[in-house]
Amino acid sequence: MNVMDIFETMEYGPAPESATPALQWIKEHQPFGLFINNQWVAPASGQYLESINPANGKPLAQVAAANSADVDAAVAAARAAFESWGKTPGHVRARYMYAIARHIQKHSRLLAVLESLDNGKTIRETRDLDIPLVARHFYYHAGWAQLMSSELPGYEPVGVVGQIIPWNFPLLMLAWKIAPAVAMGNTVVLKPARYTSLTALKFAEIVQEVGLPAGVVNILTGEASQVGEALVRHPDVNKIAFTGSTDVGRSIRRATAGSGKKLSLELGGKSPFVVFDDADLDSVVEGVVDAIWFNQGQVCCAGSRLLVQEDVADSLISKLRVRMEKLRLGDPLDKAVDMGAIVSPGQLKEIQRLVAQGVEEGADMWQPSWACPTEGYFFPPTLFTNVSPATTIAQVEIFGPVLVSMTFRTPAEAVALANNTRYGLAASVWSENINLALDVAPKIKAGSVWINCTNMFDASSGFGGYRESGFGREGGKEGLYEYVRPAWEAQERSKQASSTNGAATPGDKALHGTQPVLSGDDDEQANGHNVWRAGDESGFTAALPPIDRTPKMFIKGKQVRPDSGYSCDVVDPQQRVIGQVGEGNRKDVRNAVEAAHAASGWAAGTTHNRAQILYYIAENLEVRENEFARRIVQQTGRRLADAHEEVQAAISRLFSYAAWADKYEGAIHRPPLRGVVLAMNEAIGVIGMATPDEYPLLGFVSLVAPAIAMGNTVIVIPSQRSPLSATDCYQVFETSDLPDGVVNIVTGERDALCQVLADHEDVDAMWYFGSADGSKQVELASAGNMKRTWVNYGHARNWLDSEQGEGEEFLRESTQVKNIWVPYGE
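Residues numbered from 1 in each chain as written. Predicted model: local features only at pLDDT ≥ 70, side-chain atom pairs only at ≥ 80, totals over all residues. Heavy atoms only, no water.

(A) Representation of the overall build of the chain in the model. Counting its secondary structure elements, the chain contains 31 helices and 33 strands. Taking the principal axes of its C-alpha atoms as reference, the chain extends roughly 125 × 60 × 45 Å. For the chain, the residues scored as buried account for 58% of the 826 residues in total. Put simply, the chain shows about 31,700 Å² of open surface, and 50% of that area lies on carbon and sulfur atoms. (Helix = DSSP H or I, 4+ residues; strand = E, 2+ residues; numbered from the N terminus. Buried < 20%, exposed > 50% of the residue type's maximum accessible area, 1.4 Å probe, protein only. Areas by Shrake-Rupley, 256 points an atom, 1.4 Å probe, with all protein chains shown as cover.)

(B) Expanded view of helix α5 (residues 108-119). Under the 1.5 Å per step criterion, the end-to-end length of α5 is 16 Å for 12 residues, consistent within 8% with the ideal 16 Å. Burial within α5 is extensive, with 10 of its 12 residues counted as buried. For α5, every residue scored as buried is listed here: L110, L111, A112, V113, L114, E115, S116, L117, D118 and N119. (Expected span 1.5 Å × (residues − 1).)

(C) A look at a negative patch on the surface. A contiguous patch of negative charge, built from E583, E749, D751 and D773, is present on the exposed surface. Relative to the assigned elements, D773 resides in helix α29 (residues 772-782). (Patch = residues over 30% accessible without salt bridge, like charges linked within 9 Å, V, L, I, M, F, W, Y side chains within 5 Å. Salt bridge = Lys/Arg side-chain N within 4 Å of Asp/Glu carboxyl O. Lys, Arg positive; Asp, Glu negative; His and termini not counted. Charge placed at Lys NZ, Arg CZ, Asp CG, Glu CD.)

(D) Region of interest: the pattern of salt bridges. Under the counting rule described, the total for this entry stands at 34 salt bridges. R233 serves as the salt-bridge partner of E229, at 2.7 Å between the closest nitrogen and oxygen. One end of the pair is E229 and the other is R233, both in helix α9 (residues 224-233) and four residues apart, which spans about a single turn. Judged by its relative accessible area of 40%, E229 is partly exposed. R788 is the partner of E813 in a salt bridge, and the nearest nitrogen-oxygen pair spans 3.6 Å. One end of the pair, E813, is in helix α31 (residues 808-813); the other, R788, is in strand β32 (residues 788-791), with 25 residues separating them in the sequence. Assessed through its relative accessible area of 18%, R788 is described here as buried.

(E) Fine view of the packing of helix α24 (residues 625-636) against helix α27 (residues 724-734). Between α24 and α27, the least distance of the axes is 10 Å, while the angle of their chain directions is 160°. It follows that α24 is roughly antiparallel to α27 by the angle criterion. Crossing hand, α24 versus α27: right-handed. Where α24 approaches α27, its residues F628, R631, I632 and Q635 are matched on the opposing element by L724, S725, D728, C729 and V732. Its residues assigned to classes, the contact of α24 with α27 shows five nonpolar, two polar and two charged. (Axes fitted to C-alpha atoms, helices over the stretch in contact; angles between N-to-C directions. Parallel < 35°, antiparallel > 145°, perpendicular 65-115°, else oblique. Left-handed = near helix turned anticlockwise from the far one by under 90°. Contact = heavy atoms within 4.5 Å. Nonpolar A, V, L, I, M, F, W, Y, C, P; charged D, E, K, R; others polar.)

(F) Just the layout of surface pockets, in detail. In this structure, the second largest pocket encloses a volume near 1,000 Å³. Lining of the second largest pocket is provided by 40 residues; of these, W167, F242, G244, S245 and V248 occupy positions nearest its centre. When contributions to the lining of the second largest pocket are tallied by element, the ones reaching two or more residues are α9, β9 (239-243), α10 (246-256) and α13 (345-360). Across the lining of the second largest pocket, the residue classes break down as 19 nonpolar, 12 polar and nine charged. (1 Å grid on protein atoms, 1.4 Å probe; cavity = no way out; pocket = protein on both sides within 12 Å on 5 of 7 lines; lining within 4 Å. Points joined across faces, edges and corners; volume = space filled by probe spheres on them.)

(G) Expanded view of the sheet that holds strand β14 (residues 382-385). The 10 strands lie next to each other as β13-β14-β15-β12-β11-β16-β17-β33-β27-β26, forming an open sheet whose pairing is mixed. Edge positions in the sheet fall to β13 (364-366) and β26 (667-669), since each has one partner strand and no second. Between one strand axis and the next, the sheet turns by 20° as a mean value, whatever way the strands run. Where strand β11 (residues 272-275) lies against strand β12 (residues 305-309), four bridges are found, and the strand directions are parallel. Paired with F273 across the strands is L306, a residue of β12. (Pairing = 2+ DSSP bridges.)

(H) Molecular detail of unusual backbone geometry. Of note, the bond from Q30 into P31 is cis; its omega dihedral lies within 30 degrees of zero at -15°. Positioned with a positive phi, N37 is a non-glycine residue whose angle comes to about 60°. Residue position: N37 is located in the loop between β1 (34-36) and β2 (39-41). Judged by its relative accessible area of 34%, N37 falls in the partly exposed class. For Q575, which is not glycine, the phi torsion reads 65° and is therefore positive.

(I) Main features of the side chain of S775. Note that S775 resides in helix α29. Apart from residues no more than four positions distant in its own chain, S775 is found in contact with Y768, V791, N792, Y793 and G794.

(J) Structural context of the packing of aromatic side chains. All told, the structure shown has 25 aromatic pairs when counted by the stated rule. Judged by centre distance (5.6 Å) and plane angle (75°), the ring pair of Y155 and Y481 falls under edge-to-face. Note that Y155 is positioned in strand β5 (residues 155-157) and Y481 in the loop between α17 (476-480) and β19 (484-486), a separation of 326 residues in sequence. Overall, Y155 belongs to the partly exposed group, its relative accessible area being 21%. Both rings, one in F457 and one in F463, keep their centres 5.7 Å apart while their planes meet at 70°; by these two values the pair is edge-to-face. What makes F457 buried here is its relative accessible area of 16%. Using a relative accessible area of 5% as the deciding quantity, one classes F463 as buried. Residue placement shows K239 over the ring face of Y483; its charged tip is 5.1 Å from the ring centre. The ring centre of Y481 lies 3.7 Å from the NZ or CZ of R812, which sits over that ring. (Phe/Tyr/Trp six-rings, centres within 6.5 Å; stacked < 30°, edge-to-face > 60°. Lys NZ or Arg CZ within 6 Å of the ring centre and 35° of its normal.)

This is how it looks when you write it as structure tokens:
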């Protein structure tokens, strides 16, 4: 056969990668121990697990099976190391990170082969994508370690971090987790996936090689039920970072509720791959190959839902079938192979079950004519057409090489189909019309959107989801905030813990106050007795009784009576009744959520318009300063001067967020590719919030203002003790051009109403500033739809302090980052 014959036939020629060095390394380290405090130790149980090569089903290695005793030892080592590592200068941490990156590059081929042997993915993917990205993450975060003191002033590391990673990108997920955590000064206990521990154990050797201080990184292998469970529930772990299934993420949310642990979750996905009729269909075909058959479809952001404009659907499907016929599936160590093995027999059975269910539900299945290898765990690329959007295979994450195809007519229909999922991790949009692509991308509810490309990742650009795909970001500056906390938090809580001798904290003073320093008419007015006196002809002077004023709910821009028909008393510090407010119930919350959704156009308006309305609210509040100040005195018993200070602080907050409305703009990232990444700060959607008892007006404004400034709509449960400052605000809103439904106020029993809001499937986030018990209940209830939460665990803030009561922390909680990847060039 001559060269021209080969060129014509393109016959498959094997190009095997040698596994000998990797197998020799495994042999030398058998059985693998646990990595605790920079030492290799035997598991407390004395038990080991078998790691299997999925390409042939044969045993590969013996790895230690850790249990709760090992978790205790690792956490203790991490806690001891944190005492010094957390104070280590950023430059020193940067040097260690740089050294790790260099050593990863030195061992790159060994790591790539180990990953292919252990996971079943092709050597092309591990060699050309995974390992280079691992090194990139450590280089990138070495820079952030160096810059932390100047770029994140006022922040400190959270402490000991528990990290649990999946089996689909074993070493890359390790890098995503460990690099930012260690760069920010935290110490880590990491649990690799049960099936794929080998590259994590090689990484532990690298940690030893570079001389990273003992206890900074600890790695525990074993079953999730033993190690993961103990790590999540450990009282000395300050944060959990988890990547995996939504069901497990939901369990972790419930397990950590009320514990005060920070939590970031990167969960499942059912990502749309949207193709418009002007797209380059040949490029689309290759994009689909990368989207769903990359790593055998075992990718959380896999483009598993193909949405094609009707008039090009048949043409694209035909091209896809031709391309699928030429895909090569086989030995992952063969450099000419496109698809490797499924990670385990259990995962293979789950894929087979869901494919069979798709056929049973009426979809048309197509697979290439060639057969899979008989040895190992393999599944062919699969295409479903004639799929209804409500079928199981269109809604459930299959986590395998299975693509479902649907059609649409208009861009609006494409967006509706794309968002017809409980997930929101990623999306891909294909069109030669960049105007159309950039119009559609922000409308898709997903954390990453790729334009005319797919599965693009870089350390500079955060990755994470919306909805049941989790919350938090990994990568970019936004990912650093998952591993730090405001320095004032520890200081403030230390003060609160030490005030056991009766000394009052700022929050205590705001809540309980002192007797009002007023006299004469001021005292009468402050206590609600607005006296008007008239004299008759006999000279007798009588006081007219005040006109009754009963605050109502504020829903959809209207004052409405509570559905229950009941009211509850509001009392002053001397337990005198000073008014009543409506007792809200589940139906009132439902109406408020519907109103908030109906006002979703608020986010689409201009930032300038939102700023102007916030300024207008501040202007109208200032006109009524005396009235609001006296209302604060009436409810809290504080000095009138203090109340005026609170009103002025609330006006200042409104000005601050009016200023931020058109300036909190996101960023442009420059990853190492021809193109840019637009990091857009998007509104979360509908936010439920419970405002604090201390500072009844300022606490209300400090939460509502940043949320609506960023384009959210809100349902507010005001202070149960002092709700009248919030209900007085709706008159200000009515005269300030605030659109109906942007702010909705439901009064009543705070924790009961918060439970309803946190349970509500159409509420996107929940903020709670109240008791420790209430914080726990909100976090527990939020697991239903994996909504974001922001709670105070019963720790009061000093809302007058601008460091604690306003700033970028509030803006970050009001937004989620969407990264839109835009490649360019011919």
